[in-house]
Amino acid sequence: MNKTFAEWLEARCQDVAALEARGKAAAAAGDADAYRDAMRQKAELLAELFRNATPYLDGLAPDQRETVVKQLKRFSAAARHSLSLGSVFYMSALLYRDDHKEGEPNNLEVFRDGIRA
């Protein structure tokens, strides 16, 4: 693989941001179906996060790899759970703390920033 894990993760953060922006625009326009679709796509992307990351994990140091795998599995498990419930609210809340404020990074972005450091 030419792409590093950090580059791959950055691209997933951008994918999530694009889906959330699409969902926000749909909600503002009163299009509940489009909002639901964007949140479902976000949850599906996150549900597959660990599986899709696997080819990029080989370049990580063993101790970092263990931490990364655990976190990716947590993200994926939460997203799979939201999909199994069919809860659009849960899908929309994925990656956010209860006390999240607009403009703050989501948990995937915080994770990405930790990888970069």
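Structure's up top.
Residues numbered from 1 in each chain as written. Predicted model: local features only at pLDDT ≥ 70, side-chain atom pairs only at ≥ 80, totals over all residues. Heavy atoms only, no water.

## Topic: the nonpolar core
Turning to step 1, where the next piece is worked out: Membership of the largest hydrophobic core comes to 29 residues, with the highest contact counts inside it found for Phe5, Leu46, Leu108 and Phe111.
Turning to step 2, where the next piece is worked out: Of all the secondary structure elements, the ones that give two or more residues to this core are helix 1 (5–28), helix 2 (32–47), helix 3 (49–53), helix 4 (62–85), helix 5 (88–93) and helix 6 (107–116).
Turning to step 3, where the next piece is worked out: When neighbours within four sequence positions are excluded, Leu46 is seen to be in contact with Val16, Phe75, Ser76, Ala79, Leu94, Leu95 and Leu108. (Core = buried A, V, L, I, M, F, W, Y, C linked by side-chain atoms within 4.5 Å. Buried < 20%, exposed > 50% of the residue type's maximum accessible area, 1.4 Å probe, protein only. Helix = DSSP H or I, 4+ residues; strand = E, 2+ residues; numbered from the N terminus. Contact = heavy atoms within 4.5 Å.)

## Some words on the pattern of salt bridges
Turning to step 1, where the next piece is worked out: The full count for this structure, using the stated rule, is 16 salt bridges.
Turning to step 2, where the next piece is worked out: The residue Lys24 makes a salt bridge to Glu102 at a minimum N-O spacing of 3.5 Å. Taken together, the residues Lys24 in helix 1 and Glu102 in the loop between helix 5 and helix 6 connect sequence positions 78 residues apart. Take Lys24 and Glu102: they sit in the same class, and that class is exposed.
Turning to step 3, where the next piece is worked out: Close ionic contact of Asp58 with Arg65 constitutes a salt bridge, the shortest N to O distance being 3.2 Å.
Turning to step 4, where the next piece is worked out: The exposure class of Arg65 is partly exposed, given its relative accessible area of 31%.
Turning to step 5, where the next piece is worked out: Because the salt bridges share partners, they merge into one network encompassing Glu10, Arg112, Asp113 and Arg116. (Salt bridge = Lys/Arg side-chain N within 4 Å of Asp/Glu carboxyl O.)

## So, the side chain of Glu10
Turning to step 1, where the next piece is worked out: Along the chain, the position of Glu10 falls in helix 1.
Turning to step 2, where the next piece is worked out: Apart from residues lying up to four places away in sequence, Glu10 is in contact with Arg112 and Arg116.

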